[in-house]
Amino acid sequence: MDGNAFAKEIRSDLKKQVISLSKPVGLGTILVGEDPGSVAYVDGKHRDCAEVGIKSIKLNLPATASTDEIISAVNKLNNDPLCTGFIVQLPLPSTVDAQKVLAAINPLKDADGLTPSNLGNLVLGFNTITPCTPLAILALLESYKVNISGQEVLIIGRGTTVGRPLSILLSQKPHNATVTLAHSVTKNLTQLVQSADVVISAIGSAHLLKPEMFKKGAVAVDVGITRVGNQLLGDIDPSVIKVASLFAPMPGGIGPVTRVMLLKNLLRLAKNER
């Protein structure tokens, strides 16, 4: 599954929407530290903004920034009239209370859908801003006409940015998947993979899942990222394409679509469509 090509199509449509708006749209980012993966991801988001005509607002803090200092940056964007919505790039340093930082974001500017109120609305099935990676996974599956209704979907990884919200989203109407949520201490992972129609892995363990673990014709979606030397490796061995009917690799699969889902969320906030 080609995430880059799909994301390019969406950006073309978003550019038309931005032009049609009567007010400017601005995306803010708060980046703490200089993790190469986070820096590259934030830079990609701002390149997307430039392509579709969205203003970029960048706040970069040192890795030594405290929870209170990051919350001060959050409040700056909360109160910036030029900022339509913003994200705090995760993960934050281990010394930072990430949940306290996310809770400080104004839900009306929560472009990532990770505030307690927006996640709560997702659980309740209300119309809300939804986390970007789950949206990207669903959008890419739909673009390749993968029908998940009634299908056995295995999600590996229970984090708040991917696994948990994705399990809620896919199990709700109209998607109606039968979802199993596995994690790092799941005992029967191999059996679960072998029985799943769709496997989505976001655990961050390089090539944890081998082709022989999948049933023939399954759909494989790789969201995990592990840095090995100068390489970024996904959770799923790319040779899975020998048995899978479709494979969203890492990189080039979900990542580019996640970035455009962020812009779609931003336009929803601009239009008050949450």
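Note: the structure precedes this text.
Just so we're clear, the structure is a prediction, and the values are computed from it rather than from any experiment.

1. Let's talk about the nonpolar core
Thought 1: Core analysis: the biggest nonpolar cluster contains 48 residues, and Ile54, Ile137, Ile148, Leu170, Ile200 and Val221 have the highest contact counts within it.
Thought 2: Of all the secondary-structure elements, those providing two or more residues to this core are α1 (3–20), α2 (36–52), α6 (132–143), β4 (152–156), α7 (163–171), β6 (198–201), β7 (219–222) and α9 (254–270).
Thought 3: At 10 residues, α9 tops the list of elements feeding residues into this core.
Thought 4: Aside from chain neighbours lying at most four places away, what touches Ile148 is Leu138, Leu141, Val153, Leu170, His175, Asn176, Ala177 and Val198.
Thought 5: Formed by 19 residues, the second largest nonpolar core is a distinct cluster that contains Ile30, Val32, Val74 and Val101.

2. A word on the sheet that holds strand β2 (residues 55–61)
Thought 1: A sheet is described by the order of its strands in space; here 3 strands give the open sequence β2-β1-β3, paired in parallel fashion. In this open sheet, the two edge strands, each paired with only one partner strand, are β2 and β3 (85–88). In this sheet, neighbouring strand axes are inclined to one another by 15° on average, regardless of whether the strands run parallel or antiparallel.
Thought 2: Two strands pair when backbone bridges link them, and strand β1 (residues 26–32) and β2 are joined in this way by 7 bridges, in the parallel orientation.

3. Remarks on unusual backbone geometry
Excluding glycine, most residues fall at negative phi; most peptide bonds, likewise, are trans.
Thought 1: In the segment running from Leu90 into Pro91, the intervening peptide bond is cis, with an omega of 0°.
Thought 2: Secondary-structure assignment places Pro91 in the loop between β3 and α4 (98–103).
Thought 3: Residues other than glycine seldom take positive phi values, yet Lys145 does so here, at roughly 55°.
Thought 4: Tracing the chain through its elements places Lys145 in the loop between α6 and β4.
Thought 5: The exposed category is assigned to Lys145, whose relative accessible area is 75%.
Thought 6: Positive phi outside glycine occurs at His207, with the angle close to 50°.
Thought 7: Among the secondary structure elements, His207 is positioned in the loop between β6 and β7.

4. Overview of the state of the cysteines
Note: disulfide means a covalent bond formed between the sulfur atoms of two cysteine side chains.
Thought 1: Taken as a whole and assessed by the stated rule, the structure comprises 0 disulfides.
Thought 2: No disulfide involves Cys83; its nearest neighbouring cysteine sulfur is the one of Cys49, lying 10 Å away.
Thought 3: Between Cys132, a cysteine without a disulfide, and Cys49, which holds the nearest cysteine sulfur, the sulfur-to-sulfur distance is 12 Å.
Thought 4: Since its relative accessible area comes to 4%, Cys132 is described here as buried.

5. What about the pairing of β6?
Thought 1: The side-chain alternation of β6 yields two buried faces, one formed by Val198 and Ile200 and the other by Val199 and Ser201.
Thought 2: In this structure, β6 lies alongside β7, joined through 4 bridges in parallel fashion. Of the residues in β7, the one forming a bridge with Ser201 is Asp222.

6. Some points on the pattern of salt bridges
Thought 1: This structure, assessed with the given rule, holds 4 salt bridges.
Thought 2: With its nearest N and O atoms 3.8 Å apart, the salt bridge here joins Asp48 to Arg11. Note that Asp48 is positioned in helix α2 and Arg11 in helix α1, a separation of 37 residues in sequence. Arg11 matches Asp48 in its accessibility class, with the two residues each being buried.
Thought 3: The salt bridge involving Lys215 is made with Asp197; its shortest N-O contact spans 2.8 Å. With a gap of 18 residues between them, Lys215 in the loop between β6 and β7 and Asp197 in the loop between α8 (189–195) and β6 connect regions that are remote in the sequence.
Thought 4: By relative accessible area, which is 30% here, Lys215 ends up partly exposed.

Rules used in this analysis
Residues numbered from 1 in each chain as written. Predicted model: local features only at pLDDT ≥ 70, side-chain atom pairs only at ≥ 80, totals over all residues. Heavy atoms only, no water. Core = buried A, V, L, I, M, F, W, Y, C linked by side-chain atoms within 4.5 Å. Buried < 20%, exposed > 50% of the residue type's maximum accessible area, 1.4 Å probe, protein only. Helix = DSSP H or I, 4+ residues; strand = E, 2+ residues; numbered from the N terminus. Contact = heavy atoms within 4.5 Å. Pairing = 2+ DSSP bridges. Axes fitted to C-alpha atoms, helices over the stretch in contact; angles between N-to-C directions. Disulfide = S-S within 2.5 Å. Salt bridge = Lys/Arg side-chain N within 4 Å of Asp/Glu carboxyl O.

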